[in-house]
Amino acid sequence: MKPSENPAPIWSDSLLLGHAAIDGEHEQLAELIERMRRAAAPEMAQALDAVLQHAASHFAAENELMRATAFPPRDCHISEHEAVLSTLRGVRARLERGEFKVARRVADELAAWFPPHVQHLDSALTHWLCKLQHGAKPVVLRVGRKSEAALAC
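No experiment lies behind these values; they were computed from the predicted model shown. Once a new chain begins, its residue numbering starts again from 1 and follows that chain's sequence as written. At least 70 in pLDDT is required for a residue's local features to be given in this predicted model, at least 80 for side-chain atom pairs to be given and counted, and no such filter applies to totals for whole chains, interfaces and linings, which use all residues. With hydrogens and water set aside, each side-chain value is computed from the structure's full complement of heavy atoms.

A. How the structure looks around the overall build of the protein. Scanning the protein from terminus to terminus reveals four helices and zero strands. What counts as a helix is a DSSP run of H or I of at least four residues, what counts as a strand is a run of E of at least two, and both are numbered from the N terminus. Counting from the amino terminus, helix and strand elements in the protein follow one another as α-α-α-α. The rule is simple: take the accessible area with a 1.4 Å probe, protein chains only, and divide by the maximum for that residue type; under 20% is buried, over 50% is exposed, in between is partly exposed. Counting only residues that meet the buried cut, the protein has 42% of its 153 residues in that class. Partitioning the intrachain contacts of the protein with sequence separation of at least 6 by distance along the chain shows that 73% fall at a separation of at least 24. Computed with the Shrake-Rupley method and a 1.4 Å probe, the accessible areas treat only the protein chains shown as cover for residues. As presented, the protein carries roughly 8,200 Å² of accessible surface, and 53% of it is formed by carbon and sulfur atoms. Two residues qualify as a contact provided that any one of their heavy atoms is within 4.5 Å of a heavy atom in the partner residue.

This is the structure:
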């Protein structure tokens, strides 16, 4: 199976949540997933490892934010993070056994999973964080945006 030469981009400004740190991590994770989708067989392990490392770090930070602020649906959100990491670790083990196609498939599944996760679960988290800090949900400006132009909560 050939790598996707021109996969549709995962990241778009529609995924901005108005929390600069989380938005930056999301954009980086989307780029890593896209790199994994384009990886040829010899580069797949390195691409998967980069996704796994970034996801583990990002999810740990989000999980801590949810626990520290008593985010009401945190258990569901944390469980989804754990399921994704478990899947990535399992695919990594299968890739070591030469199962390249399963790694390619999980890259495409991550690309499909990521936007709804951000738009639903992470959006609720950032609204919660901004409400606690500022008493309102975040405001996001998307016109002519560069990464550093997102409004921080």
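B. Looking closely at the packing of aromatic side chains. Any pair of Phe, Tyr and Trp rings, taking the six-membered ring for Trp, is counted once the centres come within 6.5 Å. Such a pair is stacked with planes under 30 degrees apart, edge-to-face with planes over 60 apart, and tilted for the rest. The tally for this structure, following the rule as stated, stands at three aromatic pairs. A ring pair is formed by F59 and W113, whose centres lie 6.3 Å apart and whose planes are at 80°; its orientation type is edge-to-face. With a gap of 54 residues between them, F59 in helix α2 (residues 41-68) and W113 in helix α4 (residues 100-134) connect regions that are remote in the sequence. The pair formed by F59 and W113 is uniform in burial state, with each residue classed as buried. Chaining the aromatic ring pairs together yields one cluster made of F59, W113 and F114.

C. Inspection of the side chain of D122 at higher detail. In this structure, D122 sits in helix α4. If sequence neighbours within four positions are ignored, D122 has contacts with L17, H26, E62, H77, H81 and H117.

D. Structural context of the nonpolar core. Counting 39 residues, the largest nonpolar core has I33, M36, M44, V51, L88, L110 and F114 as the members making the most contacts within it. For this core, the secondary structure elements donating two or more residues are α1 (20-38), α2, α3 (74-96) and α4. Take this core: its biggest share by element is twelve residues, from α4. Non-local contacts of L88, meaning those with residues more than four positions away in its chain, are made with L48, V51, L52, A55 and L110. Residues belong to one nonpolar core when they are buried, are Ala, Val, Leu, Ile, Met, Phe, Trp, Tyr or Cys, and are joined through side-chain atoms within 4.5 Å.

E. Quick look at α2. For α2, which comprises 28 residues, the first-to-last C-alpha distance of 41 Å matches the rise-based estimate of 40 Å (1.5 Å per residue) to within 8%. Residues of α2 that are buried: M44, A47, L48, V51, L52, H54, A55, H58, F59, E62, N63 and M66. The secondary structure elements touched by the buried residues of α2 are α1, α3 and α4. Looking one or two residues past α2, A70 carries a phi angle of roughly 55°, positive in sign. Take the number of residues in a helix, subtract one, and multiply by 1.5 Å to get its expected span.

F. Fine view of the packing of α2 against α3. The geometry of α2 relative to α3 is characterised by a closest axis approach of 10 Å and an angle of 165° between their N-to-C directions. One way to sum up the angle between α2 and α3 is to call them roughly antiparallel. The handedness of the crossing between α2 and α3 is left-handed. Fitted lines through C-alpha atoms give the axes, limited to the stretch in contact for helices. The angle between two N-to-C directions lies from 0 to 180 degrees. If an angle is under 35 degrees, it is roughly parallel; if it is over 145, roughly antiparallel; if it lies from 65 to 115, roughly perpendicular; otherwise it is oblique. The hand of a helix crossing depends on one turn: near helix anticlockwise from the far one by less than a right angle means left-handed, and clockwise means right-handed.

G. Looking closely at α4. In this model α4 runs 47 Å from its N-terminal to its C-terminal C-alpha over 35 residues, within 8% of the 51 Å that 1.5 Å per residue would give. Taking the largest bend as the criterion, α4 deviates by roughly 40°, centred on H117. After α4 finishes, the residue G135 shows a positive phi value of roughly 80°. Bend is computed residue by residue as the angle between axes fitted to the seven residues ending at the residue and the seven residues starting at it.

H. View of unusual backbone geometry. In this model, A70 sits at a positive phi of 55°, which is unusual for a non-glycine residue. Locating A70 in the fold gives a position in the loop between α2 and α3. What makes A70 partly exposed here is its relative accessible area of 42%.

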